[in-house]
Amino acid sequence: AVLSTKSSKLVIYYSTAMLNLSLKICVGLFLYAAVNELITRSSRGIARKSDILGAETSRQESQVLAVGQMARVLVVVATGLSCLPVFHINLGTVLSFCGMGGLAISLLSKGVVVNLIGSLTIYLT
């Protein structure tokens with residue numbers, strides 16, 4: 001059976017979309033693995049996630065773990081945001097919604113956020 005022109009265009013469109021999505025996910029996984037490798041090399045493999053607040057690791061190692069965890073989260077969020085246009089979700093709308101939601105949360109929990117940023121600043125210095 002020969003595919004009609006409309007269905008063949010549809011197959012090409014969806015295969016291109018899946019190729020684009022898989023490429024973005026593969027790049028995200030590569031960056032995540034690179035961050036993990038950098039953390040392992042920087043912390044000499046001594047510190048673990050559970051030791052971030054413990055006294056068993058040096059301050060430098062715990063700082064490497066904290067920054068590394070933030071880098072992991074950043075890679076996952078960036079990968080997720082880069083995949084949204086494949087599903088026809090407007091990235092500007094999502095980011096503006098996050099901005100408004102962040103503003104509402106910051107106004108509601110101003111004291112908590114100030115204490116969190118202050119404690120993070122003390123911890124990293």
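The shown structure was predicted, so the numbers you read here are calculated from the model rather than taken from an experiment.

(A) Region of interest: the overall build of the chain. A count of helices and strands for the chain gives 4 helices and 0 strands. Counting from the amino terminus, helix and strand elements in the chain follow one another as α-α-α-α. The proportion of buried residues among the 125 residues of the chain is 17%. Across the chain, contacts joining residues at least 24 apart in sequence account for 65% of those joining residues at least 6 apart. Summing over all exposed atoms, the chain offers an accessible surface of approximately 9500 Å²; the carbon and sulfur share of this is 73%.

(B) Main features of a nonpolar patch on the surface. Side chains of Leu23, Val27, Phe30 and Leu31 sit close together on the surface and give an oily, nonpolar patch of about 410 Å² of accessible area. Look at Leu23 and you get exposed, because its relative accessible area is 54%.

(C) Layout of the pattern of salt bridges. In total, this model carries 1 salt bridge according to the counting rule given. The closest approach of N and O atoms between Arg41 and Glu37, which form a salt bridge, is 2.9 Å. Taken together, the residues Arg41 and Glu37, both in helix H1 (residues 5-42) and 4 residues apart, mark about one turn of the helix. According to the relative accessible area criterion, Arg41 is exposed, its value standing at 63%.

(D) Region of interest: the packing of aromatic side chains. This structure, assessed with the given rule, holds 1 aromatic pair. With 5.2 Å between their ring centres and 70° between their planes, Tyr13 and Tyr14 make a pair best called edge-to-face.

(E) View of the environment of Ala17. For Ala17, the location among the structural elements is in helix H1. For the pair Ala17 and Pro85, spaced 68 residues apart in the sequence, the C-alpha separation amounts to 9.7 Å.

(F) Up close: the environment of Val64. Note that Val64 resides in helix H2 (residues 59-83). Between the C-alpha atom of Val64 and that of Ile39, which follows or precedes it by 25 residues, the distance is 6.7 Å.

(G) Geometry of unusual backbone geometry. The residue His88 is not glycine, and still its phi comes out positive at about 60°. With respect to the element layout, His88 can be found in the loop between H2 and helix H3 (91-108).

(H) How the structure looks around H2. Look at H2: 36 Å from first C-alpha to last across 25 residues, which is about the 36 Å you get at 1.5 Å a residue. Of all the residues in H2, the buried ones are Glu61, Ser62, Leu65, Ala66, Gly68, Arg72, Val75, Thr79 and Cys83. Residues of H2 that are buried make contact with H1 and helix H4 (110-124).

(I) Broad picture of the side chain of Thr79. Within the secondary structure layout, Thr79 lies in helix H2. The exposure class assigned to Thr79 is buried, which follows from its relative accessible area of 16%. Apart from the residues within four sequence positions on either side, Thr79 is in contact with Lys24, Ile25 and Gly28.

Cut-off values and rules
All residue numbers here refer to positions counted from 1 along the written sequence of the relevant chain. Per-residue local features of the predicted model are confined to residues with pLDDT of at least 70, and side-chain atom pairs are confined, for both listing and counting, to 80 or more; whole-chain, interface and lining totals are unaffected and use all residues. Side-chain measures were taken over the full set of non-hydrogen atoms in the model, leaving aside hydrogen atoms and water. Helical segments are the DSSP runs of H or I of at least four residues, strand segments are the runs of E of at least two, and each set is numbered from the N terminus. Buried residues are those whose accessible area, probed at 1.4 Å on protein chains only, stays under 20% of the maximum for their type, while exposed residues exceed 50% and partly exposed ones sit between those limits. Residues are treated as being in contact if the distance between any of their heavy atoms lies within 4.5 Å. In short, Shrake-Rupley with a 1.4 Å probe defines the accessible areas, and a residue's cover is counted only from the protein chains shown. Patches here: salt-bridge-free residues with over 30% relative accessible area, like charges joined within 9 Å, nonpolar side chains (Val, Leu, Ile, Met, Phe, Trp, Tyr) joined within 5 Å. A carboxyl oxygen of Asp or Glu within 4 Å of a side-chain nitrogen of Lys or Arg is what we treat as a salt bridge. The criterion for an aromatic pair is that two Phe, Tyr or Trp rings (for Trp, the six-membered ring) have centres within 6.5 Å, with stacked assigned to planes under 30 degrees apart, edge-to-face to planes over 60 apart and tilted to the rest. Between the first and last residue of a helix there are one fewer steps than residues, each counted as 1.5 Å, and that sum is the expected span.

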